[in-house]
Amino acid sequence: MAGLTIKNLYKRYDNSGKKKNVQNDYAVKDLNLVAEQGEFIALLGPSGCGKTTTLRMTAGLEEITKGEIYIGDVLVNNLHPKDRHIGLAFEDYAMYPPLTVYDNIAFNLKAKGVDKAEIDRRVREIAPLMQCDDLLDKMPVKLSGGQKQRVNIARAIIRRPELLLMDEPLSHLDGKARQAMRTEIKRLINEIKCTTVYVTHDQLEAMSLADKIAIIDLGVLQQFGTPAEVYDDPVNEFVASFIGEPPMNILETTIVGESDHFLFTFENSNLRIVVPERYNNVVSNGFKCKVGVRPMDVLIGGADSKGSPEKVATFENLGDERRIGIHVGETLLMLITDDETRYKAGDIIKLEVRGEKTHLFDLKTGERIRER
C-alpha cells in the first residue's frame, strides 16, 4: 500500500488541424492532489472534465505533458504501467471469453510465472472477498453485469497493488445493481485497506464511497475535501450546484437594506429572505450576487408562519419525500419535505428559508463570497 502524490500535472493533446478552444487548451491543468496511504479518493466531475485522463496518466496509459506523479516515494512519470504496482478496473469488464472466471482472475499471475499453488491460494483468498467464489467454474457469457464487475475488480486486486485505480466501474449496471455494488466496493476497500482512486460522474457514488472528493471541471481542480466539506462548504457555484440531489438552488439576488437588516430580493418575485447578520460586512444596499440554498433548507411554514405566500408550480411524490417547485422569477426553486400533504399546481404555501444555511456567490466569477 502506498500513497499517491500528483504535482502540477498538465495534459495537452495535439489538436493540430482543429480549431483550438482557448478556454480549455489543456485536458488537465495544474492539478495537485495527495492521497494518503489507505485513502479512498473520488475524482468527480462532468463528462470530459479530465478525470479519466488523470487516472490514465497515473496508470501510465497516457503521456504526461508536464508535472510529476509519485506512487509512494517513487516518481513514476517514465515507468512502464506493469512496473507501477497498480491494479486497474475499468467500466468495460474486458474479460477473456474463452477462460473461466478462475482463469480470468488468475491471468495476470500466470503471465508473471507465479507458482500454481500460490496462484490457487490467492484466487481462493480473493474470490470470497468479491463474493464470486461460487462463480469460479463459470464462463463470462453466463455472468450478469454485476458478477462480471466483481470478477473484474478481483482480477485487479489479486496482484496486491499498492494503488487501485477504478474508472467508472458501475456505469454499465442498472440502479439496483449499482447500489449493491457500491456496498460491495465499500466493504472490499475497508477489508483490503488499499489506496484507491475512483473516477465517477455520479456524485452519489462519490459521496457514499470516498474519504475525500476531488471535484474537477474543464481540467481544473475546483475543490478537494471530505464529502461533508464539499457539501457544506463549497468554494464556488460549480461545486455547490454539482454536489447534492436535487442540486442547490442558486438564484440571482439584489440586496435591499431595510431598517436594521438586509433582505435578499428577486426580480419578478415577492419572495424576501432576511440576510444573515454574518454577511452584513460584505453586502450593501443594491449589492448584486447569487444566493444558494439547498432544497432541504427551504421549508413549508405552518398556519401562523410569517413566511412568504408562494404558488406551487410542480409537485413530485417520491414515497419517502416530496419535492415541490416554486417559481421565483424565471427560476424554479425546489424544496424537499416529508409533509404527507399532496399538493397540486396552484396551491399556496408559506415559504420559509433557513437563512443561516445560505451561501453567496460572485455574479461574474461564481466564487464563494465569504463573511469577513
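Refer to the structure presented above.
A brief report on the enclosed structure follows. Model, not experiment: these values are computed from the prediction. (Residues numbered from 1 in each chain as written. Predicted model: local features only at pLDDT ≥ 70, side-chain atom pairs only at ≥ 80, totals over all residues. Heavy atoms only, no water.)

## Regarding the sheet that holds strand β18 (residues 331–337)
Through backbone hydrogen bonds, the strands of a sheet pair up, either in parallel or in antiparallel fashion. In plain terms, the rule: At least two DSSP bridges between two strands are needed for those strands to be called paired. What counts as a helix is a DSSP run of H or I of at least four residues, what counts as a strand is a run of E of at least two, and both are numbered from the N terminus. Axis definition: a line fit to C-alpha positions, over the contact stretch in the case of helices; interaxial angles, taken between N-to-C directions, run 0 to 180 degrees.
Pairing within the open sheet is antiparallel, and its 5 strands lie in the order β15-β19-β16-β17-β18. Here the strands that pair on one side only, and so sit at the sheet edges, are β15 (298–300) and β18. Recorded for the sheet is a direction-independent mean angle of 50° between the axes of neighbouring strands. Pairing of strand β16 (residues 308–317) with strand β17 (residues 322–328) involves 5 bridges; the strand directions are antiparallel. Paired with Phe-315 across the strands is Ile-324, a residue of β17.

## A closer look at the sheet that holds strand β5 (residues 74–75)
This is how the line gets drawn: Contact between two residues is taken to exist if any of their heavy atoms lie within 4.5 Å; hydrogens are not considered.
If you trace the 4 strands from one edge of the open sheet to the other, you get β2-β1-β4-β5, paired in antiparallel fashion. Since the sheet does not close on itself, it has two edges, and those belong to β2 (28–35) and β5, each with one partner. Pairing geometry for strand β1 (residues 4–11) and β2, over 5 bridges, is antiparallel. Among the inter-strand pairings, Leu-4 is bridged to a residue of β2, identified as Ala-35. Sitting on the sheet, helix α1 (residues 51–59) is in contact with β1, β2 and β4 (66–71), with an inclination near 115° to β1.

## Digging into helix α3 (residues 116–129)
Which entries qualify depends on this criterion: Helices are assigned an expected span. That span is 1.5 Å times one less than the residue count. For each residue, the accessible area found with a 1.4 Å probe, counting protein chains only, is set against the maximum for its type, and the residue is called buried under 20%, exposed over 50%, and partly exposed in between. Each C-beta atom gives one direction from the helix axis, and the arc is the one those directions make.
The end-to-end C-alpha distance of α3 is 20 Å, a good match for the 20 Å that 14 residues give at a rise of 1.5 Å each. Inspection of α3 places Ile-119, Arg-122, Val-123, Ile-126, Ala-127 and Leu-129 among the buried residues, and these make up the whole buried set. An end-on view of α3 places all buried positions within 145° of arc, on one side of the element. Elements that come into contact with the buried residues of α3 comprise α2 (101–111), α4 (145–157) and α5 (175–192).

## So, the environment of Thr-53
This is how it is decided: Any pair of nitrogen or oxygen atoms within 3.5 Å is treated as a polar contact; in protein, a donor-acceptor pairing is required on top of that, and neighbouring residues in sequence qualify only through side-chain atoms on both sides.
Tracing the sequence through the fold places Thr-53 in helix α1. The class for Thr-53 is buried, based on a relative accessible area of 13%. Non-local contacts of Thr-53, meaning those with residues more than four positions away in its chain, are made with Lys-11, Tyr-13 and Val-28. Within polar-contact distance, the side chain of Thr-53 engages the side chain of Tyr-13 at 3.5 Å.

## Some remarks on the pattern of salt bridges
The criterion, for reference: Criterion for a salt bridge: a side-chain nitrogen of Lys or Arg within 4 Å of a carboxyl oxygen of Asp or Glu.
Inspection of every chain in the model, using the stated rule, returns 21 salt bridges. Linking Glu-184 and Arg-187 is a salt bridge whose minimum nitrogen-to-oxygen distance equals 2.6 Å. Of this pair, Glu-184 and Arg-187 both sit in helix α5, 3 residues apart, which is roughly one turn of that helix. Linked through salt bridges whose partners overlap, the residues forming this network are Glu-118, Arg-121, Arg-122, Glu-125 and Arg-160.

## Structural notes on the packing of aromatic side chains
Defined as follows: Any Phe, Tyr or Trp ring, taking Trp's six-membered ring, that has another such ring centre within 6.5 Å forms a pair; planes under 30 degrees apart are called stacked, those over 60 apart edge-to-face, and the others tilted.
Counted by the stated rule, this structure contains 5 aromatic pairs. Plain terms: the ring middles of Tyr-10 and Tyr-26 are 5.2 Å apart, the flat faces sit at 65° to each other, and that makes the pair edge-to-face. Residue Tyr-10 is found in strand β1, and its partner Tyr-26 is found in the loop between β1 and β2; the two are separated by 16 residues along the sequence. Judged on exposure class, the residue Tyr-10 and its partner Tyr-26 are both buried.

## Some details on the nonpolar core
Operational definition: Nonpolar core, defined: a set of buried Ala, Val, Leu, Ile, Met, Phe, Trp, Tyr and Cys residues in which side-chain atoms within 4.5 Å join the residues together.
If you look at the biggest cluster of nonpolar residues, it comprises 46 residues, and the most contacted ones within it are Ile-105, Val-123, Met-130, Cys-132, Ile-153, Ile-185 and Ile-213. When near neighbours in sequence (up to four residues on either side) are disregarded, Cys-132 contacts Ile-105, Ala-127, Val-151 and Ala-154. By size, the runner-up hydrophobic cluster in this structure holds 26 residues, among which are Ile-273, Ile-326, Val-328 and Tyr-343.

## Quick word on the environment of Leu-165
As for its position among the elements, Leu-165 is in strand β7 (residues 163–167). When its relative accessible area of 1% is taken as the criterion, Leu-165 is described as buried. For the pair formed by Leu-165 and Arg-178, sequence separation is 13 residues and the distance between their alpha carbons is 18 Å. Non-local contacts of Leu-165, meaning those with residues more than four positions away in its chain, are made with Leu-55, Thr-58, Ala-59, Ile-86, Gly-87, Leu-88, Ala-89 and Val-197.

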